[in-house]
Structure formats: C-alpha cells, structure tokens
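# Summary of structural features
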Amino acid sequence: MKLSGKSARSDALIGRMNLSEKLGQISMLADGLVETGPPGPHNPFNMIVDGRVGSLLNVWGAHLVREAQRKAVEESRLGVPLFFGLDVVHGHKSIHPVPIGEAGSFDRQLWEATARDSAIEAMADGVHMTFAPMIDVARDPRWGRIVETAGEDPLVNAEFGRARVRGYQAPDAQGLMRLAACAKHFCAYGAVLSGRDYAEADISWRALEEIYLPPFRACVDEGVAAIMPAFVDVAGVAMTAHKRLLRDMLRARWRFDGLIVSDYNAIAELINHGVAADLAEAAALALNAGVDIDMMSDAYFNGLPIALARGLVSMDDVDMAVRRVLNFKEQLGLFDDPYRNMAHKTAKSATSKPLAPERRALSRQAAQSSIVLLKNADGFLPLKAPRMLAVLGPLADSPNDQLGPWASAGAGEDAVTFVAGLRETFAQTDVRYAKGAPFEGRDEVDLEAARKTLAGADAIILCIGESRLMSGEAVSRTRPEVPEGQLELARTALESGAPVILAINSGRPLILPDWLVEGAQAILAAWHAGTEAGPALAQILSGACNPSARLAITWPRVTGQAPIFYGIRPTGRPHDPQNGWSTGFSDAPFDPRWSFGQGLSYTRFTRANLRVDRDTLGLDDLVSVSVDVTNAGVCDGVETVFLFSRDPVAQVTRPMLELHDFTKVALRQGETRTVVFVVKARDLCYLDEDRKPRLDDGAMQFHIGASARPADLDRIDVTIAQG
Ligand code: NOJ
C-alpha cells in the first residue's frame, strides 16, 4: 500500500483536526472480547465519540463492530470511521492448523487458500486488519511462540509470508483488499535469549541479514499493508525505537509505505527497556523511528503533546502518521462504506452456523496436509480393519485444545475431536475412550480407567502433548516435554503390549523420551490441527488419506540441544562420534530426533538422474537442477523435494546447507516425474565482511532430496567461473 501520498480527503481532515483528534487517529485500543495483553484502563467505546481512538483491536462480530462504527461516523465530530484489528493467525471461525503445523505442508497454494478463507470469515465479522503473518524464524522449542511461526528456515518463512499476504489481501467483489495483513514481529523476535519470551535478541548483523530479515523483505515485496515491530531489543536497540531498521531500512531502502503498528503497549515499555525516561520520550522515540500507530500504551495520546512542547518531535511527523492512517482507511473503502464488509453476501454466509461444508473441507484438507507421520514400524499404518481401538489421553476429546492458541473466533463446539473423528471413520469398529491423565500434574491420573479401556484393543491411539495454553505468547518452557502424568499414561499403554500409535498434539517439537519413541509402533505429529483435526487424523490412520506433511522445524532429542536447526555452520572440529575432540555433547547425541523436512508416506519414493543443464556458471547465469522422482511403493502419494546449496569454500564460513527451493509432486503408484529447479547464480551469493554480495569462483554443491538429513540427500556440483 502507498500511504504517504497526498489525498484530498485526508488532507482536508487533517486540516480540520485538533491535536487530540490527530492523536486519536494514531491510537489503537483494545476491548476485551479476548485478552492479548495486559488490560488497560480504557473503555474504548466511550472514547470513540471524542475522536480519542482511531482503531480498535480484539473487537469483532457484526453487532459490536456496527455499534462502534456507528458511534465513530455518526457521533464523533469529524465522523472518521474506525478500523478493526485482530490476531487472525490460523483461521477465524474455521480453524486451520497452527502455523508451525501448516508450514509443514510445504504447500504455497494451501497457505494462501487458508489465509483467503480466514479473510472471508474475519471480514464478515467486521475485521479489517489481521496481525499476521508471523514470520519470525524460530529455532528454539523453549520459546512458546514457535507455534505461530513457519519454523526454522528463512526461505520457508518468506514463502509462507508471501502466500499469507496474497491470501489475506486478495480483493473482494468490489476489488478492495479484504483483510490487511500485518507482518510481525520485525525483527529477530525468534532469537530471544534462551527462548525466554520478550528477552533480548543479541545477534550479529549477518544473522539479521541472512536469517531474520528475508521473510520481511519478501512480505514487503508482496505488498503487505502493515508491519509490527517486535517487543524485543536487537543488540541493545529496542525494535519499537529502531530508527536504522524501521526508517532507514524498511521505509527508505525497502520502500515500505504501509503502516507501522506498534506491538501491544510496546511504546510505553520503552521506559522499562531503559531507553526512555517518561512517556513523552518513549512516544518521541517511536514516532521518530517511524511507528505510525500506538497499540494500547497511551504514549502517543498522553506523551506526544509533551514531546511536541519539548521539541522532541515535529508536527509534520505527527501529521504523516495521521495521513497514513487516514489513507489506509480510504484505501480500504471505509469512508465510502464504513460497514462495507459486513453487508457483503459472501460475508453473511461465512458467519452462518454451522460452519459451511466448504470451509470444513478446507480445514480438513489443511489438517491432513499438516499431520506428519514420523514413525511407522513394520508398515503398521494404515490400520487394517481393527475390531477395537482404545483412545487415550487428554487431547483425544478436547475440542478447544485441538484449536490451539490464537484461535481467533474459533469455537470448541464446531471442532470435531479425535474420538468423534475415529468413530465416524471407523464406523465398524468399537472405539473406546478414556482420558487417563490431565495435561499437567498427576492428581487426576487414572491408570485404572486407562487399563480397562485398552483391554482387548487391536491398537491404542495415545493423544498426548500440550493443551492450547501451554504454547503461545508468554508461555516459554524450560522443559518443553510431555508432562509426567501423561508419560505415566504412556507407560501404561506400552506395558499392555498392544501396538501404540502416538499422536502428539503440541505447539512445538515436544521432547519425547527414548523409551516412548522406541516403544511406539507409529508416531504422528498432529500439532494443534484445528476444527477438523479429528477426521483428518482418523482418515490418515484408516489410509483414506496418505500423509504427506514434513517437519518445518528440527525436532530435538533433549532440550539441551536447543537452539537446533539444520543450517549450522561448519566448525574446525566437525562432529565425529569416534573423535572425542569434535563438536557435540558429552551426554547426548549430536543429531536431532528428526530433521527438518522429515516425514513419511504410506508409499515409497526414489530419486534418480540428478543432473544440471550446465556445469559452469557465471554470475548472471541460470542453472536447472533436475531429478526424476518415482513412486515405487504401494499407493498414490505426494512427495516433497528440497533443493539445498552448499558453498564449500568462501571468505566466511557458510552453512552446511541452505534451502533454495522446495516443491511437491503428486505421483500415482508407479509413476515417475521430473522435478526441475531453476537457480540464479546471483542467489548463491553471500555477504562478505563489507556486507557486499559475493560469489567466489570454484565449486558449488547442490543437495537435493527429501529432508535435510544427509541420508536423504543426493549431491551434484557445478563450477562458478565469473571470467
Ligand atoms: C502481542 C503480540 O506480541 C502480538 O503478536 C499481537 O498481535 C498483539 N499482542 C495483539 O494481540
């Protein structure tokens, strides 16, 4: 969006506004339909009439939104409409899998489709901006917000972000942007120390440039409407006040001309960061860094008048922020029709109860595409006509928990649980259920009930992991593990001797004990898979759906391996289990439990004929890397193919693998297809010590295959020769 330009309407309004009305436009306040931060003292509905608020968050639903909007346009002096923001992160009413799960579908079209679907539903509820996508590269499962991310890889986050922006912002029937996207949190929030939420991110410029910034650049190029600075400080500079990154980089270099919206209370929190002495200084720092909207901290409203009097900010800068907000409202069509979205026909059907079948179908497809099969000993799955199934665990029949954190307006009563899904899918089977253990603690552990339920079962489906409250914002965990009470239940299930299918529900790669991984017959990462999680899992277990999802995040064996990711740099003493003087741990393996990209299918794929169309490359050349992929197994299936590069000799150390591209290929049983990746030599550059792109002459490796695990990759080399 281009928001800084002149507009007759905005300029006329600015000319008529007093200071309080201007500051109102750049203040966003929350009402409490949902609590996403510390509640403020405000009663925003009473402030609308005085023009004291320009946008609201956490208010939705036709009734409330209409009432608030009516006050703004009919009762405030200038009649400027409000806009409404909400965290629509993985669905609004139809809830799709949490992002860490859906990222593992590696399906750009799906990422876009679920975003478009969320936008249709949210728009019908009067929402104009979603605080999504969250594209913070995350590599530490202790961090609770890993659930909201697309995982550990910059390219995956960039592609996920692009697809989300396209989906949310896709035009409605009038050609207007449906839901404005707000990419967050700019930047390096995922690098918080020890995974501790809100902590500092003390990282190098190289990590910023190579890991944390590229997803934001991609969203800006895709036309994202807004950006939210992160709560954190990066190398000592609070992001909400980061002039170099916000003004010089985002605005000036990347030419981002949308809105910069602060995080919740983040401007006032500059005082806690120790970079502002009072609200006036905090407000001045944020405004001067380019932040247009103050979410919930009153710093702009109460601090900017003092900052103006002290000469810390200029009225021109205040006016520019106001102009951006007004132009945003104009471009959304809110001046012409403040109720526009809610009047729309599609919008009406989207809010109808029960959820429309096509929305459920999309949620189911998304869940099926996100559930990762991690182990399937002896081809135990799919289940073969079981007579009796025992379902155990606190997540088997817990509709709200399967929706996960940040479930927007998603309602538990719309969700179909695993127990319900299994009963529907295995109609001829006796499906029995006992909870057996609570989420946390041991007080309600009921192993007797579990034993009774599993007696005589052909298989046990063990649904354990995290409740929705155990991941998300402000829930970092030093032990991101399966809690003890649930492990007792797991032991009981394994001791019965019946085959155990472990369905892990979580917002992070949850640490599992070796005995559980070894003892389980099959293991699936079901994440929090949303409204249709139950039928999706049941159809995977029955074989009606062949699993195709992969891990978008490395899964550690023990917490002490974190942060953990595939793109590590080589060391002078590479890991070698035979050599005590090599990198690694003395009390734990070096390798993760499962690598980025791992995930099984009911069929088997082979690769052959890895080739390039040229073996020498100049800086401006393109090279095609191709491989033939065959479905050599027993049923139709979908394979994901990753293309990594590795620069073996450069001026600085380069990661062992860097992802360049990925694709999915659907193959019938016995079918072969050629997958072709086209790579620009220029994209193989790295930044030298002067931060200039550089490519050295010599060998460049391509690694192509099914995951980042060395055993899953084939290699072919080219020569860089720039003449
Ligand atoms: C704080 C979170 O950090 C941010 O992601 C969210 O958008 C806001 N609260 C609003 O709910």
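The structure reproduced in this document is the subject of the present report. The residue numbering used here restarts from 1 in each chain and proceeds along that chain's sequence as written. Per-residue local features are limited, in this predicted model, to residues with pLDDT of at least 70; the limit for side-chain atom pairs, both in listing and counting, is 80 or more; totals at the level of whole chains, interfaces and linings are taken over all residues. Excluded from the side-chain calculations are hydrogens and water; all other atoms, namely the structure's heavy atoms, are used.

### A few points about the side chain of His92
By definition, any uninterrupted DSSP run of H or I lasting at least four residues is a helix, any uninterrupted run of E lasting at least two residues is a strand, and each is numbered from the N terminus. Relative to the elements of secondary structure, His92 occurs in the loop between strand 3 (83-86) and helix 5 (99-102). Working definition: with a 1.4 Å probe on protein chains only, accessible area under 20% of the residue-type maximum means buried, over 50% means exposed, and in between means partly exposed. Assessed through its relative accessible area of 0%, His92 is described here as buried. Any pair of residues with heavy atoms lying within 4.5 Å of one another is described as a contacting pair. If we skip the residues at most four places from it in the chain, His92 touches Trp60, Leu86, Ser118, Glu121, Ala122, Asp125, Ala407, Ser408, Ala409 and Gly410.

### Looking at the site of the ligand
Around the ligand sit 13 residues, and of these Thr36, Asp87, Arg145, His185 and Asp263 come closest. Between the ligand and the protein, one listed contact pairs an oxygen atom with a side-chain N or O atom of His185 at 2.7 Å. Only the protein chains shown count as cover for residues, with accessible areas throughout obtained via the Shrake-Rupley method and a probe of 1.4 Å. Within the complex, 100% of the 300 Å² of free accessible area of the ligand lies under protein. Three residue categories are used. Nonpolar comprises Ala, Val, Leu, Ile, Met, Phe, Trp, Tyr, Cys and Pro, charged comprises Asp, Glu, Lys and Arg, and polar comprises the others, including Gly. For the shell around the ligand, the class distribution of residues is six nonpolar, two polar and five charged. Here a residue counts as near a molecule or strand whenever at least one of its heavy atoms sits within 4 Å of it. Pairs of N or O atoms within 3.5 Å make up the polar contacts considered here, provided that, within protein, one atom can donate a hydrogen while the other can accept it, and that residues adjacent in sequence are counted only when both atoms are side-chain atoms.

### What about the packing of helix 10 (residues 243-253) against helix 12 (residues 279-289)?
Contact pair helix 10 / helix 12: the axes reach a minimum separation of 8 Å and the direction vectors enclose 25°. In terms of orientation, helix 10 and helix 12 fall into the roughly parallel class. From helix 10, Lys243, Leu246 and Arg247 reach across to helix 12, where they touch Leu287, Asn288 and Ala289. Its residues placed into classes, the contact of helix 10 with helix 12 shows three nonpolar, one polar and two charged. Geometry is summarised by axes, namely lines fitted to C-alpha atoms with helices restricted to the contacting stretch, and by angles between N-to-C directions that run from 0 to 180 degrees. Relative orientations are named as follows: roughly parallel for angles under 35 degrees, roughly antiparallel for angles over 145 degrees, roughly perpendicular for angles from 65 to 115 degrees, and oblique for any other angle.

### Thoughts on the sheet that holds strand 22 (residues 672-680)
Strand order in the open sheet formed by three strands is 17-19-22, with antiparallel pairing between adjacent strands. In this open sheet, the two edge strands, each paired with only one partner strand, are strand 17 (605-612) and strand 22. Along the sheet, successive strands turn relative to each other by an average axial angle of 20°, direction set aside. Here the rule is simple: two strands pair whenever DSSP picks up at least two bridges between them. Relative to strand 22, strand 19 (residues 622-631) runs antiparallel, the two being bridged by nine bridges. Bridging from a neighbouring strand, Leu622 pairs with Lys680 of strand 22.

### What to know about the sheet that holds strand 26 (residues 713-720)
Strand order in this open sheet of five strands is 18-26-25-20-21, and the pairing throughout is mixed. Only two strands of the sheet have a single partner each, and these edge strands are strand 18 (616-617) and strand 21 (658-667). Inspection of the sheet shows strand 25 (residues 698-705) paired to strand 26 by eight bridges, in the antiparallel sense. Across the sheet, Gln701 pairs through a bridge with Asp717, a residue of strand 26.

### Quick word on unusual backbone geometry
For the peptide bond that leads from Ala132 to Pro133, omega is 5°, which places it in the cis range. As for its position among the elements, Pro133 is in the loop between strand 4 (129-130) and helix 7 (154-169). Each neighbour pair has its own omega, and for Ala562 with Pro563 the value is -5°, a cis peptide bond. Mapped onto the fold, Pro563 is located in the loop between helix 23 (533-542) and strand 17. Positioned with a positive phi, Asp378 is a non-glycine residue whose angle comes to about 55°. Given a relative accessible area of 74%, Asp378 falls into the exposed group.

### Re helix 9 (residues 214-221)
Within helix 9, burial applies to Pro215, Phe216, Ala218, Cys219 and Val220. Looking at the buried positions of helix 9, the neighbouring elements they touch are helix 7, strand 5 (180-186), helix 8 (205-212), strand 6 (226-229) and helix 10. Gly223 sits one or two residues past helix 9 and shows a positive phi near 90°.

### A few points about the pattern of salt bridges
We define a salt bridge as a contact between a side-chain nitrogen of Lys or Arg and a carboxyl oxygen of Asp or Glu at a distance within 4 Å. A full pass over the atoms with the stated rule returns 54 salt bridges. The closest approach of N and O atoms between Glu222 and Arg166, which form a salt bridge, is 3.5 Å. One end of the pair, Glu222, is in the loop between helix 9 and strand 6; the other, Arg166, is in helix 7, with 56 residues separating them in the sequence. Judged by relative accessible area, which is 24%, Glu222 ranks as partly exposed. For Arg166, a relative accessible area of 30% translates into the label partly exposed. One salt bridge connects Asp257 with Arg324, and the closest N-O pair in it is separated by 3.2 Å. Here the residue Asp257 occupies a position in the loop between helix 10 and strand 9 (259-260), and Arg324 occupies one in helix 14 (residues 315-331), the gap between them amounting to 67 residues. Note on Asp257: relative accessible area 11%, which makes it buried. Connected through salt bridges with shared partners, the residues Glu112, Arg116, Arg162, Arg166 and Glu222 form a single ionic network.

### Concerning the pairing of strand 1 (residues 27-30)
Neither face of strand 1 is exposed, since Ser27 and Leu29 on one face and Met28 and Ala30 on the opposite face are all buried. Looking at chain direction, strand 1 and strand 10 (residues 294-295) are connected through two bridges and run parallel. Each bridged residue has a counterpart across the sheet, and for Met28 the counterpart in strand 10 is Met295. Across three bridges, the pairing between strand 1 and strand 2 (residues 55-57) is parallel. The residue of strand 2 that forms the bridge with Ala30 is Leu57.

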